Amino acid sequence: MNTMPQIPNLRLLFSTQNPSFLLSSLKPNQTLKFTHHIPPKPTKNLSFSYPLFTCLASRKPSSKSFSSGSLKQSVSKEKKGVSSMEESKKLGISGGFNKKRAEGRDKSGPKDLKLKVRRLNPVNTISYVQILGTGMDTQDTSPSVLLFFDKQRFIFNAGEGLQRFCTEHKIKLSKIDHIFLSRVCSETAGGLPGLLLTLAGTGEEGLSVNVWGPSEFKYLVDAMKSFIPNAAMVHTHCFGSSPTSNRVTLDNPERVNNQIKLIDDEVVKISAILLRPETRGLKDESAIKSSDISVLYICELPEIRGKFDLEKARALGLKPGPKYRELQEGRSVKSDFKDIMVHPDDVLGPSVPGPIVLLVDCPTLSHFQELLSIQSLDNYYTDISEEKHNVVNCVIHLSPSSVVNSSDYQKWMSRFGEAEHIIAGHQTKNIEIPILQSSARIAARLNYVCPQFFPAPGFWSLQQTNHSNEGADLKLCKTVSAENLLKFHLRPYAQLGLDRSGIPTKAGPTEIINELISEIPEISDAAKQVLQLWDGEEEDAGEGITSTESDKNVTEEPWLNHNILPRCLEDVTRENVEIVLLGTGSSQPSKYRNVSSIFINLFSKGSLLLDCGEGTLGQLKRRFGIEGADEAVKKLKCIWISHIHADHHTGLARILALRRDLLKGLPHEPLVVIGPRQLKRFLDAYERLEDLDMQFLDCRHTTEASLASFESNDNKDENTLFSKGSPMQSLWKKAVNTLDGNVSYPVMKNLKKVIGEAGLENVISVPVVHCPQAFGVVLKGMDRVDSDGTIIPGWKIVYSGDTRPCPELVEASQGATVLIHEATFEDALVEEAIARNHSTTEEAIEVGNSAGAYRIILTHFSQRYPKIPVFDQSYMHKTCIAFDMMSINFADLHVLPKVLPHLKLLFKNEIVDESDDVEDAAVTLAA
């Protein structure tokens, strides 16, 4: 194999105007030999060989690194992972990345799974309804309700955060047979993609599930096929009508008056009543969107037949045998010794009526007017004496307080007699009680050690709020405020009623910190040392940061003095730029880390979102509080999405819907969303349900070449990463398209305007190596002028998205103020990183070092590292590990790396969780 001269680092390779001469003599699997990389430990050799485009991957893993059961398990789930380079060639992995995965050719087709068939026991069973408190503290989404049976599970509403909630509280999603939506919109269905991903990745084949809703949402589920494997496992049932038609879309439903029967088996009958807002006075009924149709669900358990009377059976001429069972099951039989038919009522005692539960979603008083006119509910009211009524035991109200607290609604509630009413709509008092207690506990601990980077969560800032008048008018019937995990038992009958035993105990910040100090006594000194970093800020800010005790093991690179403050940070204030890391995990949310999302706070100039995984809005509200998050959403200038994988974009619709509602009636422009072209199909499907008030722009139209074309009004077909002659040119079937003058040009004009208002020079998408149409992004701040008239260059933030180290990203990151780079895997798992087109910790840091980035923030950690990833502190001298809710102000960048050793102390007793390997198990990209 030909060899190359040694070169000191990647900066030489990628800073040249024409680096191709360095690569032209290389074959696909040939290696580059570097004499210098990340500061090594003294005992290690300084020279390593790396595959082309690994960009200095971590040290070669020892054989024992790949002997663990967790790695074998995770690789077998993918069915394409590698444990040796020989195996990697079979998968088309060459040159340090998985070519098939990058081209989208690593997927199997969707499987048409059969629905699960379960043996049901209608008598000897446990059953209850339970409040799943998603959104109760953040008020960003509708709570879910679980209807539990021994052999079946039904979930009503799947708002964002449901998947994470079930992980936190150990609720097994694999048992779910049916999901019912009370409305089809982002508030009730935002968690559906994540939930379906989890089910798709369960077991060898994935699991099938029925999804029911009142609107035609099949096209929404079809649009999810671009990022959900086994999408055919979703069986959609739309039982509603289009907004302007009375046609029911469910095939041959059994309908009595307004009541539509959906499920009728041995253990439960579930029916639905549609509620539409009044249209009287409206000139155009087509103004009613599909998302305006809501549902009242009725869940009826069968009656329990009375005790079998043996004496009566003998007297009627029956001998012991199978006829006894037939009578108990409700069938008549012929007497053995008499010429008569014996009926169940002849030998059974009095039956016990089956419990009945109503779930009511009445979003407006306009819907309530239709609710009053529903005749089929007459059978459940106690104030109608003409005929025997069905006794309702529990009514769960998902309606907002503006509806529930109205006098007319209160009178309607009282018509159900002694039924227990659970008020599950948003209530202010629930803001103080974090639903995700594990992440809240971590946030409180981080806040104690470093409040500068981890401000107090928004929900703890509202503890003095007065809620004494909330619900004061609820006097006409028995009501109880919903609490997280509150149960109402249905079976066994002896336990019928409320059960608060499962409600989590409340722990405030004081209790959490006392526990922390007891567990790690030295943490108090660490918090004082962190504070001292800011006490010396005036001396250090202009001269660089002096060495502290925590730096003794940090080896500086000889060619980079990281203590020198970049020119762009001179005279920076706390009102310029703040990076808020809302989600720092990968694949799917865990107890401690949500999926990818970064909030760029430009304060008075607005804000941007880089990626928007499920639960992003909830994270914003946990960080800024309810009102603060609303303001942040209103001030958004742009949302940028890196690629189509679900953990990077499924929180988008909820953000857009909230912004639409907040700005309704106010003059504003649609929000620009920049993303891969596959994302538009998903957003278009959502917009058939509800208006998202957005403009879409393909990432390819914001590459450097396309922006130059836009500026010069030159419609040339430009290529960047995959241009002719590039070793990676085949990863895209088509390079950057010319701008569509009819569609893209006006959006580009609007984008240029809004980012200019935000103080940005440009937003540039950078093609990277992960999957088809995967991008990183560069945000460039405008130049400033100081008091002396000297020009201060603008700052530069680079976000990698998901990627293998690649030359395009290194080039784009040259001189970055902050590089936010994914570091999914630890250094020992470099081959798994190659198989899945992710980066290791050391690779991510070397990209930043090679580009001369001032600060590097590592994020997107595999969920096998539940609290803190594995890293080597000896090369973290200008790098920090990201945590959820971490807020990094540009005025504090000079102390950022100094904080990491103190944060690490918080997790000194933690063990990496390799038994629960969820990384990428379900996240597989469709073409």
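**Student:** Teacher, can you tell me more about the overall build of the chain here?
**Tutor:** Broken down by element type, the chain carries 28 helices and 37 strands. Here the chain, with 927 residues, has 59% of them falling under the buried criterion. Considering only contacts within the chain whose residues lie at least 6 apart along the sequence, 71% involve residues at least 24 apart. Accessible surface, the chain as shown: approximately 37,300 Å² in total, 49% of it carbon and sulfur.

**Student:** Would you explain helix α8 (residues 192–200) in this entry?
**Tutor:** Side chains three or four residues apart in an α-helix point the same way, a direct result of the helix having 3.6 residues per turn. With 9 of 9 residues buried, α8 is to be regarded as a mostly interior element. What α8 keeps buried is the set L192, P193, G194, L195, L196, L197, T198, L199 and A200.

**Student:** How should the nonpolar core be read in this particular structure?
**Tutor:** The nonpolar side chains of soluble globular proteins are, as a tendency, buried together. One finds L147, F156, V268, I270, Y297, I396 and I639 to be the most contacted residues of the largest nonpolar core, which totals 107 residues. In this structure I396 touches V129, I131, V145, V357, L358, L359, V360, I422 and A424, once residues within four positions along its chain are discounted. In terms of nonpolar packing, the next biggest core, distinct from the first, is built from 96 residues, A102, V449, I820 and L903 among them.

**Student:** Please clarify how the sheet that holds strand β8 (residues 176–180) should be interpreted in this entry.
**Tutor:** Paired through their backbone hydrogen bonds, the strands of a sheet run either parallel or antiparallel. Read across the sheet, 8 strands follow the order β10-β9-β8-β7-β6-β5-β21-β22 without closing on themselves; strand pairing throughout is mixed. One side of each edge strand has no neighbouring strand; the edge strands of this open sheet are β10 (234–238) and β22 (497–499). Averaged over neighbouring strand pairs, the angle between their axes works out to 25° when direction is ignored. Summarising the sheet, strand β6 (residues 144–149) and strand β7 (residues 153–156) pair through 4 bridges and their orientation is antiparallel. Bridging from a neighbouring strand, V145 pairs with F156 of β7.

**Student:** Quick question: what am I supposed to make of helix α16 (residues 437–449) here?
**Tutor:** Compared with the 18 Å implied by 1.5 Å per residue over 13 residues, the 19 Å span of α16 between its first and last C-alpha is a close match. Looking only at α16, the buried set comprises S438, S439, A440, I442, A443, A444, R445, L446 and V449. In the core, the buried residues of α16 are packed alongside α6 (162–168), α17 (509–519), α18 (523–535) and α28 (896–905).

**Student:** Honestly, the packing of helix α13 (residues 365–372) against helix α15 (residues 407–414) in this entry has me stumped. Any pointers?
**Tutor:** Two packed helices can be described by the angle between their axes and the distance between those axes. Contact geometry for α13 and α15: axes closest at 11 Å, N-to-C directions at 35°. Handedness of the α13/α15 crossing: left-handed. Residues F368, L371 and L372 of α13 lie in contact with α15, whose contacting residues are D408, Y409 and W412.

**Student:** Before we go on, may I ask you to explain the packing of aromatic side chains in this structure?
**Tutor:** Two aromatic rings, taken as a pair, are described by how far apart their centres are and by the angle between their planes. Scanning all chains against the criterion turns up 21 aromatic pairs. Ring centres of F239 and Y297 lie 6.2 Å apart, and the angle between their planes is 75°; this geometry places the pair in the edge-to-face category. Residue F239 is found in the loop between β10 and β11 (254–256), and its partner Y297 is found in strand β14 (residues 294–300); the two are separated by 58 residues along the sequence. Using a relative accessible area of 0% as the deciding quantity, one classes F239 as buried. Using a relative accessible area of 1% as the deciding quantity, one classes Y297 as buried. Their ring planes at 70° and their centres at 6.1 Å tell us that F454 and F883 sit as a pair that is edge-to-face. You can see F454 sitting in the loop between α16 and β20 (479–481) and its partner F883 sitting in the loop between β36 (879–881) and β37 (886–889), a full 429 residues away along the chain. Within the aromatic cluster, the residues linked to one another by ring pairs are F149, F154, F156, F180, W212, F239 and Y297. The aromatic ring of Y128 is capped on one face by K487, whose charged end is 4.2 Å from the ring centroid. Cation over ring: R688 sits above Y219, and NZ or CZ is 3.7 Å from the ring centre.

**Student:** Help me out: how do you make sense of the sheet that holds β37 in this one?
**Tutor:** Read across the open sheet, the 7 strands follow the order β28-β27-β26-β25-β24-β23-β37; overall the sheet is mixed. The open sheet has two free edges, formed respectively by β28 (694–698) and β37, since each of these has just one partner strand. Geometrically, the sheet is characterised by an average inter-axis angle of 20° between neighbouring strands, direction not taken into account.

**Student:** Looking at this structure, I do not really get the packing of helix α20 (residues 616–634) against helix α21 (residues 652–662). What am I missing?
**Tutor:** α21 packs onto α20 with a crossing angle of 25° between their chain directions and a minimal axis gap of 11 Å. Here α21 runs roughly parallel to α20, going by the angle between their axes. The element α20 and its partner α21 pack so that their crossing is right-handed. Between α20, through T616, L617, L620, K621, D630, V633 and K634, and α21, the contact on the second element is made entirely by R654, I655, L658, R659 and L662.

**Student:** What is the right way to look at the pattern of salt bridges in this model?
**Tutor:** Should their charged atoms come close, side chains of opposite charge can pair. With the rule as written, the count across this model stands at 30 salt bridges. R622 is the partner of D137 in a salt bridge, and the nearest nitrogen-oxygen pair spans 3.8 Å. Of the two residues, D137 is situated in the loop between β5 (127–132) and β6 and R622 in helix α20; the sequence distance between them amounts to 485 residues. Close ionic contact of E631 with K634 constitutes a salt bridge, the shortest N to O distance being 2.9 Å. One end of the pair is E631 and the other is K634, both in helix α20 and 3 residues apart, which spans about a single turn. Overall, E631 belongs to the partly exposed group, its relative accessible area being 37%. The partly exposed category is assigned to K634, whose relative accessible area is 28%. Taken together, the shared-partner salt bridges in this structure form one network comprising R183, E187 and D361.

**Student:** In this structure, what is going on with unusual backbone geometry? I would like to understand it.
**Tutor:** Glycine aside, residues mostly have negative phi, and peptide bonds are mostly found in the trans state. A cis amide bond links R491 to the next residue, P492, at an omega of -5°. Phi angles above zero are rare outside glycine, and F603 is one such case at about 60°. Along the chain, F603 falls in the loop between β24 (597–601) and β25 (607–612). The class of F603 is buried, set by a relative accessible area of 18%. A positive phi angle is found at N837, which is not glycine, with a value near 55°.

**Student:** Just to check I follow, could you spell out the environment of D892 for this structure?
**Tutor:** Within the secondary structure layout, D892 lies in the loop between β37 and α28. For the pair formed by D892 and W534, sequence separation is 358 residues and the distance between their alpha carbons is 8.4 Å.

**Student:** Would you mind going over the pairing of β25 with me for this structure?
**Tutor:** Summarising burial for β25: 6 of the 6 residues are buried, a large majority. Of the strand pairs in this sheet, β24 and β25 are connected by 5 bridges, and their pairing is antiparallel. Paired with N601 across the two strands is S607, which belongs to β25. Hairpin remark: β24 followed by β25, antiparallel, with 5 residues in the connecting loop; positive phi at F603, about 60°. Where the polypeptide runs from β25 across α20 and back to strand β26 (residues 636–640), its parallel neighbour, the crossover connection is right-handed.

**Student:** So what exactly am I meant to see when it comes to the environment of N750 here?
**Tutor:** For N750, the position within the fold is in helix α24 (residues 744–757). Note on N750: relative accessible area 10%, which makes it buried. Sequence separation between N750 and E669 is 81 residues; the distance between their C-alpha atoms is 8.6 Å. Among the polar contacts made by the side chain of N750, one reaches the side chain of Q695 at a distance of 2.7 Å.

About the cut-offs
Residues numbered from 1 in each chain as written. Predicted model: local features only at pLDDT ≥ 70, side-chain atom pairs only at ≥ 80, totals over all residues. Heavy atoms only, no water. Helix = DSSP H or I, 4+ residues; strand = E, 2+ residues; numbered from the N terminus. Buried < 20%, exposed > 50% of the residue type's maximum accessible area, 1.4 Å probe, protein only. Contact = heavy atoms within 4.5 Å. Areas by Shrake-Rupley, 256 points an atom, 1.4 Å probe, with all protein chains shown as cover. Core = buried A, V, L, I, M, F, W, Y, C linked by side-chain atoms within 4.5 Å. Pairing = 2+ DSSP bridges. Axes fitted to C-alpha atoms, helices over the stretch in contact; angles between N-to-C directions. Expected span 1.5 Å × (residues − 1). Left-handed = near helix turned anticlockwise from the far one by under 90°. Phe/Tyr/Trp six-rings, centres within 6.5 Å; stacked < 30°, edge-to-face > 60°. Lys NZ or Arg CZ within 6 Å of the ring centre and 35° of its normal. Parallel < 35°, antiparallel > 145°, perpendicular 65-115°, else oblique. Salt bridge = Lys/Arg side-chain N within 4 Å of Asp/Glu carboxyl O. Right-handed = clockwise from strand over helix to strand, strands pointing away. Polar contact = N/O pair within 3.5 Å; in protein donor to acceptor, adjacent residues only side chain to side chain.

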